[in-house]
Structure formats: structure tokens, C-alpha cells
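Letter by letter, the chains look like this.
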Amino acid sequence: MATALAWLAGLALLHRCERLPSGAEYVALAIVFGVSFALRRRHWLALAGCAAVLAFSQAALRAEWRLTPELHPAWEGRDLALTGRVDSLPIAVTGQGGVPGWRFEFAVEAVGPTGAALPPEVPRRLMLLSYDGPPITAGERWRFTARLKRAHGLANPGGFDAELWLFEQGLRASGVVRGAERLQAAPWWEIDAARQRLRASIQQHVADPGMAGVLAALSLGDQNAIVHADWALLRDTGVAHAFSISGLHITMFAWLATSFAGALWRRSGRLCLRLPAPTAARWAGVLAAFGYALFSGWGVPAQRTVVMLAAVAALQALSLRWPWPLVLLAASVVVTAVDPWAVMQPGFWLSFGAVGLLMAAGGEQAEGWRARLKAALRTQAIATVGLAPLSLICFAQLSVVGLLANLIAIPVIGFLITPLALLGGVAAPLWALAAWLTQALMAWLKLLTVLPWAVFWLPAAPLWSQLLALLGAALIVMRLPWRLRLAGLAMTLPLLWPAVPRPPAGEFELLAPDIGQGNAVLVRTEGHALLFDTGPVYAPGADAGERVLLPLLRSLGVRRLDMLMLSHRDIDHVGGAATLLKALPVSELRSSLEPGHALLRAGAPQVRCEAEQGWTWDGVRFDVLHPLASHYEVGLKPNQLSCVLRITSASGRRALLAGDLEAEQERALVRREPDLRADVLLVPHHGSKTSSSAELLAAVRPTVGIVQAGYRSRFGHPAPPVLARYQAAGIAVVASPSCGAWRWQSDEATALAVCERTRLRRYWHDRERAGVYQESPGPLPEGPAVPEPDAIAMF
């Protein structure tokens, strides 16, 4: 047991590292392993040390292989001819303006001529987007002309780590197709092509696109087919796990195959003499699970479940009667030996945690339907209550109605909808019945969301409270005296009511999240929260409000906004506003939006931005400096009407948020305001050439300027001449693509700032560019930059 725990600890330690070991460090690891191996029989700690070093070293070497080759920054944004194979089921996407397209993984076989002395090194597997082009089928060979960018995602507190997801999938670059030539059709034996044909058949026979997407997800593992609104409903009711090909589905399929194979095997006495029926049935179940997982896309959760089932079957075949903790640990070692990065996925801990809780809680063999019903209810209660702290830790969300939802959803999906979805490939009318059952289930789930407190959100809690809550949950569900169970309940309280850090009275915190091409800045005082702009829309149905700002606000414990200030109407500043106005109470909406704008009909009290407005929260002064009331009457452009906000702490530190103000209005502001000095400046218009005039920089004299822009944005922000102007003025510029979210507190003695990419740097993160521009930047790559693919930008 200690050896298995040491193996898992070695992997966990590696995944906390900022970089992979150097050559000298690998030699040191080899020496430590050799010494531990020599002493393994003298003390159990030596054997545990061997396991930890072996796990750490082999995973690091595999990570080295996965990270190479990398796309050099000089080749980003340039046309490259790529020959290869479509290596995944293409996913239908919708781009800006409603342009249809496909997202798919591409295995590169060759890179065409580039005219350079040294051809570019391109990663072995890419994620490509093709808009308004020919249909693409899995398994086909193509020659694409594409523009690539490195694997780069948004970096925010409490946010999704897109770069980790890409790394786990073996995708080290993404890009947009600009030209395509089909070279070879998919071979007849291509599994993904068969899956794609079956998906098309489901969409043809099921009229409702939403229900067709659910059936495709349950039968093919195509979770992207489920529409966004349905995913939100499944998340809020705690049944999302049941609608994806996970351990639940594969285990149930294996159980059915085991029962069927065992019944058939027992009919032949000759076969039973050669191999006992239970053994044959177990391995038949493993083979069936492998086939189902393969046809459903061979995703990481499916891989993990098949390996776990095979490990358990092998232990039973070898007649090894280990205690259940040892069986569980052995299975986890096998799983992580195949996939060392499984330990970073919530599904790994949820699946093993559920099995472990059920084993620990125990139970008697149920006889009769009442006893079986009672046992089923107890099992669901144990899984729901026992996994609640782990769900909160992983997702910062807990569905209070999850127990009621799962009581109906799991049997209906497992025993009715999923079998019908699979059998529909043979008898298409069964898909209509499956769609009808799915609609009825969705109606039940919608009724549950109407209940008060259906979904419970909590801010991030410290590590000690997370570990304490996990131990408490285990005590609650085990067969222990009620005194110990009540003690377990008390141990969960620090996780359920965490202390949320806030700025002291008279001071404020400024947080500029990494949102791509747009602006959004959160300002918090001791008891108030203001959000300045809400970022862009990434694609239809995906915006910064939902993907970045809501998770961020919830992780910080912000349950309401005292003010939402929208500087002007541009979509990269108000793209997430509708989502936030719907999801959170907003006490006041202050903006320069024209009368009749859709956001002004959202119901929040409205105030028009005008200079000389001001208020004080918790000892912190807020002043609106632009626009003047007269500016609304002279037909200025939206950028020129940008609200400009100055925040001043009791200690005298200041921040100036300038929206997309342009040079002419900057100069007028300098003439109008005698004291514009500030420590932090939100660089106007993302560093565009139209803004950041020399007069403004001389008047503000900031220590640091913050640029919120997209990675390799097609606008080229921040512009090199603007960066040179800041450098000449001695102002450091921090850009969100290289810094991630930027946090600054006015009460720090030295006003220290923190970049999220620096705070939580890991070896899989992109690190080609420095976080602060302190020198004149070099020349940008030739040619237009790659637009931010929606699959990455939305994270």
C-alpha cells in the first residue's frame, strides 16, 4: 500500500513542477533510485522511494517527448502546407457571424516547402478549425494550408486550464485552415468514420437537434453534440456525468456483457472444463468494455475505466484476495502507469472516490425488491453525500437537487436511453423512443432547477480545509457511531463556509483577468465589488462573462456586483454583460450606451457615465472623468465616449481605467484634469496606435500599464510604436497573453503585483514570451496573425 501511495505521490510532485528535470537532475534521480532499490529489503521506505522516483522520472521523460517538437514563435501566423490525417471525429462549430465550420485533430505526416533554409518543426498532432469549407470525414488524408499558433490558453484564478487540456490530448498547436485538398478517402475500417456516419444518421432520424446531440453523446461519446443550454441544465442538476461516456456507462455495459457471456458459457460443459464460467465472463466483460470505449472515442475517462476493469479482473484471475483499499490502489497505479496525467483530472478522483466510498461503507446482500430499493437509495446517498466535498473542490459547485435528479436519471439513462441509443444503429425507430424518453427526463430536470438553492456555489477554500472536508465526508458515509459521523459533519464546515480574503478598509484590489481581445477589470473594496467592462464574445453561445468572469467571481466569493460599468458599446467590452446581468444581482449599471441598447433593458438600475460623478465605498474614492454630459450631444464615436474611471485609496494609491479612449480625447482630458497621476493605467484601446498619447503618459506617470489583448490578436495589440512610447517614459507594460490574470493591491507596502502565469506556472504552460515589456520588442512575424480559435479562446 505504501508503494502505491508513493507512486501516486511521485506523479503529483511532478505535476506541481514549473519545469521538467535537467540532464544533471535525471542523473541524480537515477542515483537515488539505485540506492533505494539496493536498500528495498531493509526498510519499506526504500521500496516506497523507488516507486516515487520511478513514477516521477518516467512521467517526466514521457512529458519531454509529448512537448516536442514545438512550433517556433517565428512560424506562428504564416501559411504552412500540412499533409496528414484527420485523427478525430470532426465537431461542428459556428464561428463569428454564424459561419459554419469543423474542429478536428490532425496528425501531421509532412510539412510542405516554405522557402526557408530550415523547414519549420511542427508538432505531431494539431487542433485545426476549418470554416466555410468542404465537409471533412475522420480518417481522410488531406493537404491543408493553415496558419498555426502555439498551444496557448487563458490563465485565470479558478479558471479552466486550456493548455493542460491540450497537453493531455497531445495537441501542441492549433490553427485555422485557409486552403484544403482531399488526398484520400477514409479506409473502410476507420472507426471514427463509422462513428461519424452513425452521428449523421442520428441527426437525420431525430428531428430535435438537442435530443439528437444527447443520443450522439450517449452512443458515440460525442459530448460536443449536446447543445450549450442542455449542458448548463445537466451541470446545475448534477447529472452531467451520466450524459458522457464515463466509468458509469462502460462499467454498466461490461456488467451486462459479463452476465450475458456467463449465461452462454455455462451452457457448454466442455467450455466450463477448459475455463471456469466466472473467469470467462469477467474477461468477456473487459473485452466488451474495450470495444465500447473504442467506439465511443477512446476518451481518457473511458481508457481509465477499461484499465481499471482489466486490473481488477487480473487480480481475481490470479486469486489475489487483497483488501479493498489495496485493490483500489493497485488499479490506480495501473491507470496512472498508462496515463500519468490522469491524476490531474477531476474524473480520476471522482470515480475512484465513489468506488472507495461504496467499498468502505459496505452493505448486506439485499433480498426482495424493497430491500434492493433501499440499498439503491443508500448507494446513491453515499455517492452524493460522500462526493459532495470533492465536487466542490473540483468544480466550486454543488447541485443540492443532485440526489433527486440522479435517482431518476441514472437508471433511466443506464437501462433505457443508452441501450436504445445503441440499438438504434440496428433499428432506427428506436432513436425516436430514446429521444422521447430524453425529453421527459429533461422536463423533470427543469422542474428541479426551479427549486430554491438548486445550485450551491462556493468560493475557493484553502488546502487544509479541503483535506479536512474529504476526511469528514468519509466519516459521514461509513458505518460508524453517530458521534463520529457528527464529527465528520463538523469537519466539512471550513469548506462550506470559507473565510474570503478582502482588502482592508480604505484600500482596494484590482484584478485584470485574462479574457483575450477585450477589457474587463474587477475592483474590490472591503465590502463592494465593481466590474469595469465584461470582455468579448468568443463565438455564438460563448462569451467572457460565462467562460471567465462568472467562475472568477464565484471563486472569489463575489455573489453580487454593486456596480457594472460598461465603458462603451463595442462587443469586446460588453460581450459578457448579458450573461452577468442574468446570472448575478447587479445593483447599478453605469455606461455610455445609447438609449435603446438591449443591455439597458436587462432590468438593472441605470446611470449614464458623466464626468464629475463620484462616490466613496469603504474609504475608497471613485471618480468618473469622462465623458462630459455635452459629449453625448455631438455625435462622438463609441470609443471617444468611453467611460474613464479613477480609483483612489486612502493611502493615496491610484488606478486609472481608460476604456478605448482615443488620443484627441486623452489630450482634452489632460487639459481638463489638473492631477491625473496614477500608479496603474489600463492601457487605452489595448495598446492601439490611436491611443496612449505622449501627453497622457506624461500626465498619468504610471508605474505599470496593463494591456488586455488576445494572444496573437489580428489587431496586433499592443502596437510596437506604442510599446516604444511606454518604454521611453520608463513605464513597464504587462500584457495579458504573457501574464495571464494580473492582480494588484493598493495596501501592499510596495504595491506588489502578481501574474497568474508566474504564480501557478507548470511545465506544460507556454513560456516563450516574457510577462513584462521592459525592452523594445523585436519584429513581429510577417503576415497577418492567426485569429483566436473559439475552442481555445472560450477557456
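Predicted model only: the values in this text are computed from it and were never measured.

## Considerations on the overall build of the protein
And then number 1: Along its length, the protein carries 28 helices and 26 strands.
And then number 2: Relative to the 2.2 N^0.38 estimate, which gives 28 Å for 795 residues, the radius of gyration of the protein is 29 Å and therefore close to what a compact globule would have.
And then number 3: Taken along its principal axes, the extent of the C-alpha atoms in the protein is 100 × 70 × 65 Å.
And then number 4: By the burial criterion, 52% of the 795 residues in the protein qualify as buried.

## Side note on the environment of Trp 102
And then number 1: Within the secondary structure, Trp 102 is located in strand E3 (residues 100-111).
And then number 2: For Trp 102, a relative accessible area of 23% translates into the label partly exposed.
And then number 3: Residues Trp 102 and Arg 701, spaced 599 residues apart in sequence, show a C-alpha to C-alpha distance of 47 Å.
And then number 4: Not counting the four nearest positions on each side in its chain, Trp 102 is found in contact with Pro 90, Ile 91, Ala 92, Val 93, Leu 128, Leu 129, Ser 130, Pro 134, Pro 135, Ile 136 and Arg 199.

## Points about the packing of aromatic side chains
And then number 1: This model, assessed by the stated rule, comprises 14 aromatic pairs.
And then number 2: On the basis of an interplanar angle of 90° and a centroid distance of 5.2 Å, the ring pair of Phe 167 and Trp 341 is categorised as edge-to-face. One end of the pair, Phe 167, is in helix H4 (residues 162-168); the other, Trp 341, is in the loop between helix H12 (324-338) and helix H13 (346-361), with 174 residues separating them in the sequence. Like Trp 341, Phe 167 is buried.
And then number 3: Ring geometry for Phe 253 and Tyr 292: centres 4.7 Å apart, planes at 40°, overall tilted. Here Tyr 292 lies in helix H10 (residues 277-295) and Phe 253 lies in helix H8 (residues 247-265), a separation of 39 residues in the sequence.
And then number 4: On the basis of relative accessibility, which here comes to 5%, the residue Tyr 292 falls in the buried class.

## Focus on the side chain of Asp 623
And then number 1: Within the secondary structure, Asp 623 sits in strand E18 (residues 620-626).
And then number 2: In terms of polar contacts, Asp 623 uses its side chain to reach the side chain of Arg 621, at 3.1 Å.
And then number 3: Not counting residues within four places of it along the chain, the set of residues in contact with Asp 623 comprises Gln 613, Gly 614, Val 644, Leu 645 and Arg 646.

## Looking at helix H1 (residues 2-14)
And then number 1: The first and last C-alpha atoms of H1 sit 18 Å apart over 13 residues, in line with the 18 Å expected at 1.5 Å per residue.
And then number 2: Within H1, the full set of buried residues consists of Ala 4, Ala 6, Trp 7, Leu 8, Gly 10, Leu 11 and Leu 14.

## Digging into helix H15 (residues 402-423)
And then number 1: At Ile 413, H15 is deflected by roughly 50°, the largest bend along its length.
And then number 2: Every buried residue belonging to H15 is among Gly 402, Ala 405, Asn 406, Ala 409, Ile 410, Ile 413, Gly 414, Ile 417, Thr 418, Leu 420 and Ala 421, and all of these are buried.

## A closer look at the packing of helix H7 (residues 228-236) against helix H16 (residues 429-449)
And then number 1: Packing of H7 against H16 brings their axes to within 10 Å, and their N-to-C directions diverge by 60°. Comparing their axes, H16 and H7 come out oblique. For H7 against H16, the interelement crossing comes out left-handed. Along the contact surface, H7 presents Asp 230, Leu 233 and Leu 234, while H16 presents Met 442, Leu 445, Lys 446 and Thr 449.
And then number 2: Classifying every residue of the contact of H7 with H16 by side-chain character gives 4 nonpolar, 1 polar and 2 charged.

## Focus: unusual backbone geometry
And then number 1: His 626 connects to Pro 627 through a cis peptide bond whose omega is 5°.
And then number 2: Its location among the elements puts Pro 627 in the loop between E18 and strand E19 (644-648).
And then number 3: In this structure, the amide linkage connecting His 717 to the following residue, Pro 718, adopts the cis form with an omega of -10°.
And then number 4: Take Pro 718: it is sitting in the loop between strand E22 (704-707) and helix H25 (720-728).
And then number 5: Positive phi is not limited to glycine here, since Glu 612 has a value of about 80°.
And then number 6: A positive phi angle is found at Asp 618, which is not glycine, with a value near 55°.
And then number 7: Positionally, Asp 618 belongs in the loop between strand E17 (614-617) and E18.

## A look at the state of the cysteines
And then number 1: The full count for this structure, using the stated rule, is 2 disulfides.
And then number 2: Each sulfur in the disulfide pair Cys 609 and Cys 643 lies 2.3 Å from the other. Linking Cys 609 and Cys 643, the disulfide has an S-S dihedral of approximately 110° and is accordingly described as right-handed. Taken together, the residues span a long stretch of sequence, with Cys 609 in the loop between strand E16 (606-608) and E17 and Cys 643 in the loop between E18 and E19 at a distance of 34 residues.
And then number 3: Through a disulfide, Cys 739 is tied to Cys 755; the S-S separation comes to 2.1 Å. Disulfide Cys 739-Cys 755: torsion about the S-S bond near -105°, hence left-handed. With Cys 739 in helix H26 (residues 736-739) and Cys 755 in strand E25 (residues 753-755), the pair connects residues that are 16 residues apart, well separated along the chain. An identical accessibility class is assigned to Cys 739 and Cys 755; each is buried.
And then number 4: Sequence-ordered numbering of the bonded cysteines in the protein gives a pairing of 1-2, 3-4.

## A closer look at the pattern of salt bridges
And then number 1: On inspection of all chains with the given rule, the structure shows 28 salt bridges.
And then number 2: For the salt bridge of Asp 192 with Arg 195, the shortest nitrogen-to-oxygen distance reads 2.9 Å. Highlighted residues: Asp 192 and Arg 195, both in helix H5 (residues 191-205), separated by 3 residues, approximately one helical turn. Considered together, Asp 192 and Arg 195 belong to a single accessibility category, that of buried residues.
And then number 3: Ionic pairing is found between Glu 610 and Arg 608, a salt bridge with its closest N-O pair at 2.9 Å.

Parameters and conventions
Residues numbered from 1 in each chain as written. Predicted model: local features only at pLDDT ≥ 70, side-chain atom pairs only at ≥ 80, totals over all residues. Heavy atoms only, no water. Helix = DSSP H or I, 4+ residues; strand = E, 2+ residues; numbered from the N terminus. Rg over C-alpha atoms; globule rule 2.2 N^0.38 Å. Buried < 20%, exposed > 50% of the residue type's maximum accessible area, 1.4 Å probe, protein only. Contact = heavy atoms within 4.5 Å. Phe/Tyr/Trp six-rings, centres within 6.5 Å; stacked < 30°, edge-to-face > 60°. Polar contact = N/O pair within 3.5 Å; in protein donor to acceptor, adjacent residues only side chain to side chain. Expected span 1.5 Å × (residues − 1). Bend = angle between axes of the 7 residues up to and from the residue. Axes fitted to C-alpha atoms, helices over the stretch in contact; angles between N-to-C directions. Parallel < 35°, antiparallel > 145°, perpendicular 65-115°, else oblique. Left-handed = near helix turned anticlockwise from the far one by under 90°. Nonpolar A, V, L, I, M, F, W, Y, C, P; charged D, E, K, R; others polar. Disulfide = S-S within 2.5 Å. Salt bridge = Lys/Arg side-chain N within 4 Å of Asp/Glu carboxyl O.

In short, shape yes, function no, at least from these values alone.
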